[in-house]
Amino acid sequence: MKVLYVCTELFPFLKTGGLADVSAGLAPALQALGCEVRLLLPAFPALIGQSLAPQPVARLPQGEMPWGPAPALPPASVTLVTLPGFDLPVYLLQAPALYERQGNPYLGPDGKDWHDNAMRFAALGWAGATLGQGLDPHWMPDVIHCHDWHAGLAPAYVRAFAQAQQDTPATIFTIHNLAYQGLFAAGEFPQLGLPASWFDVDGLEFFGQVSFMKAAIRYADRITTVSPTYACEITTEAQGFGLDGLLRERANALSGILNGVDDQIWNPVTDALLRARFDETQLQNKALDKRALQALFSLEPRANTLVFGVVSRLTAQKGLHLLPQVLAELVQRGGQVALLGQGDLALEQAFVDAAIRYPGQVGVRIGYDEVTAHAVIAGADVILVPSEFEPCGLTQLYALRYGTLPLVRRVGGLADTVVDCTLENLDEGSATGFVFDELSPSGLLAAMRRAFALFRRPDEWAAVQQRGMRLRFDWRTAALHYLAMYQSLRPSAK
């Protein structure tokens, strides 16, 4: 099967979050199963700078379509390139007026959305849909697999071609985070090149605005999320962000497929970024990584202290506003914190202040880099993921692989991947971390106290570590689920 994978990020070339890791892991896993996969991304500067052997493909079509005008885009074209160390062909959407800007692909220097994001990402959807119509005369996909709202218009454009009696590929849309929906003013709609009648409650209209996320949920053949529990949660009013009704309407097309971990990148046996490498039989080497982490974050070099690690965006979604409220007890119990993250300015300042208040016990680095992220994941004893909601979460999966016990809230993919260290689960040999329910300081503290209690029983602690390290959340499993979905969408299978 020929699969066009439409996204905006790809590790290690461009990464602002877990979407880049998913692209780097899932697409090659699909290829390994026999799919012929090509990626489509905007030609952001980080990608242009890495591109090798560019081959011009075609300009995006403009002018009249069977249903009306095409999107009102500046000149744009598609180029086929290779990226160093990445074996799959990549289409780059070349539109200098839209993409050749320094910094974050979504935000301007002021930290706010680029003013023309509607057209920047409409162009991505249009490119995907027209590749499905033969824009590249040498390659046409059977399936267009779109990721998050940035690619949300691709299924809508494909549907417009289908209603104009054109042969079209199947479309799959994966929701990585429903909270980010691609909402734009109603005045943007006439520029998008979609049928005029589609700006209504049964189309793209969402409380008077245009929603790229809603477009994809409405028009894609299949909808997936990145964990089974999250697929259920988003059909509820509490976590549906206003789209729960539509998701319930499309429940037969909705499913959850758990993300995986790239073993080439996140593997303590081969990780070149670590002070010492280890596996479940060499946990003494993990102690060397703990000592290196304490040094890196200016923490007191105590082997018998429980070190809590954080690698996260600092946002309300991640539940980290709870952490400053429990630091006094955490430190009083002899614990330490090593935090790497950036985001909400007030949260950033709260953690900087905490590092000043608890020198040698709380270490904070504002920002993100891969080397430090690996140091925290490998060197901490516990990784904190107390999220308000969490579609899948990759951090806890990385932590399990490195023998770092996840402390998580029972939501989304966290609920699907971490088993609480209750007495019953410890006795049955299924426990892998610490799970709490109530999004409150007391809920978080209760789980922390259980972590301190288990840490005082080193043999049981090591058994839980080893159990987590033996788990495998691999991309091949996820890719098999997607391949079955692709095959079900073949014309003969519909």
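See the structure printed just above.
Residues numbered from 1 in each chain as written. Predicted model: local features only at pLDDT ≥ 70, side-chain atom pairs only at ≥ 80, totals over all residues. Heavy atoms only, no water.

Following the sequence through the fold, Glu9 ends up in the loop between strand S1 (2-6) and helix H1 (18-32). Within the buried set, Glu9 has no salt-bridge partner at all; the shortest N-O distance to an opposite charge, 7.9 Å, is to Lys15. Side chain to side chain, Glu9 and Tyr106 meet in a polar contact 2.5 Å long. Not counting chain neighbours up to four residues away, the residues in contact with Glu9 comprise Leu14, Lys15, Thr16, Gly17, Leu19, Ala20, Ser23, Leu41 and Tyr106. (Helix = DSSP H or I, 4+ residues; strand = E, 2+ residues; numbered from the N terminus. Buried < 20%, exposed > 50% of the residue type's maximum accessible area, 1.4 Å probe, protein only. Lys, Arg positive; Asp, Glu negative; His and termini not counted. Salt bridge = Lys/Arg side-chain N within 4 Å of Asp/Glu carboxyl O. Polar contact = N/O pair within 3.5 Å; in protein donor to acceptor, adjacent residues only side chain to side chain. Contact = heavy atoms within 4.5 Å.)

By way of backbone hydrogen bonds, the strands of a sheet pair with one another, either parallel or antiparallel. Reading across from one edge, S17-S16-S15-S18-S19-S20 is the order of the six strands in this open sheet, with parallel pairing throughout. The open sheet terminates on both sides in strands that have one partner only, identified here as strand S17 (362-366) and strand S20 (434-436). Strand-to-strand twist across the sheet, computed as the mean angle between neighbouring axes with direction ignored, equals 15°. In terms of strand pairing, strand S18 (residues 382-385) meets strand S19 (residues 405-409) through four bridges, oriented parallel. Bridging across to S19, Ile383 finds its partner in Pro406. (Pairing = 2+ DSSP bridges. Axes fitted to C-alpha atoms, helices over the stretch in contact; angles between N-to-C directions.)

Most of strand S2 (residues 36-42) sits out of view: six of its seven residues are buried. Relative to S2, S1 is paired through five bridges, and the arrangement is parallel. Bridge pairing links Val6 to Leu40 in S2. In this fold, the crossover linking S1 to S2 by way of H1 has right-handed handedness. (Right-handed = clockwise from strand over helix to strand, strands pointing away.)

Two quantities define a packed helix pair, namely the angle between the axes and the distance from one axis to the other. At a minimum axis distance of 8 Å, the contact between helix H9 (residues 283-296) and helix H12 (residues 370-379) shows a crossing angle of 130°. Between H9 and H12, the crossing angle belongs to the class labelled oblique. As H9 packs across H12, the resulting crossing turns out to be left-handed. Of the residues in H12, those touching H9 at Lys286, Asp289, Lys290, Leu293 and Leu296 are Thr372, Ala375, Val376, Ile377, Ala378 and Gly379. Looking at the contact of H9 with H12 residue by residue, the classes come out as six nonpolar, two polar and three charged. (Parallel < 35°, antiparallel > 145°, perpendicular 65-115°, else oblique. Left-handed = near helix turned anticlockwise from the far one by under 90°. Nonpolar A, V, L, I, M, F, W, Y, C, P; charged D, E, K, R; others polar.)

Once that is clear, we can look at the state of the cysteines. Simply put, the disulfide is a covalent bond whose two ends are the sulfur atoms of two cysteines. Enumeration over the complete set of coordinates arrives at zero disulfides. The closest cysteine sulfur to the non-disulfide-bonded Cys146 is located on Cys7, 10 Å from its own sulfur. (Disulfide = S-S within 2.5 Å.)

Moving on, we come to the nonpolar core. Judged by nonpolar contacts, the single largest core of 137 residues is most densely connected at Leu39, Leu93, Ile175, Leu192, Phe212, Ile217 and Tyr486. It is helix H4 (residues 117-131) that contributes the most residues to this core, ten residues altogether. Other than its neighbours up to four places away in sequence, Leu192 contacts Pro71, Ala118, Met119, Ala122, Leu153, Tyr157, Val210 and Phe212. Residues Phe308, Leu320, Leu322 and Leu384 belong to the second largest nonpolar core, which totals 36 residues. (Core = buried A, V, L, I, M, F, W, Y, C linked by side-chain atoms within 4.5 Å.)

For Met469, the position within the fold is in helix H17 (residues 458-470). Of the residues examined, Met469 reaches a relative accessible area of 0% and is grouped as buried. In this structure the C-alpha to C-alpha distance between Met469 and Leu39, which are 430 residues apart in sequence, comes to 32 Å. Discounting chain neighbours no more than four positions away, the residues touching Met469 are Pro268, Phe278, Asp279, Glu280, Leu283, Leu400, Arg401, Tyr402 and Gly403.

The next point concerns the pattern of salt bridges. Counted by the stated rule, this structure contains 15 salt bridges. Among the salt bridges present, the one from Asp381 reaches Lys290, with a minimum N-O distance of 2.7 Å. With Asp381 in the loop between H12 and S18 and Lys290 in helix H9, this residue pair connects regions lying 91 residues apart in the sequence. For the pair Asp381 and Lys290, a shared accessibility class is recorded, and that class is buried. The salt bridge involving Arg410 is made with Asp437; its shortest N-O contact spans 2.8 Å. Of this pair, Arg410 sits in the loop between S19 and helix H14 (412-417) while Asp437 sits in the loop between S20 and helix H16 (441-455), placing them 27 residues apart in sequence. On the basis of relative accessibility, which here comes to 41%, the residue Arg410 falls in the partly exposed class. Under the relative-accessibility criterion, Asp437 is labelled partly exposed at 45%.

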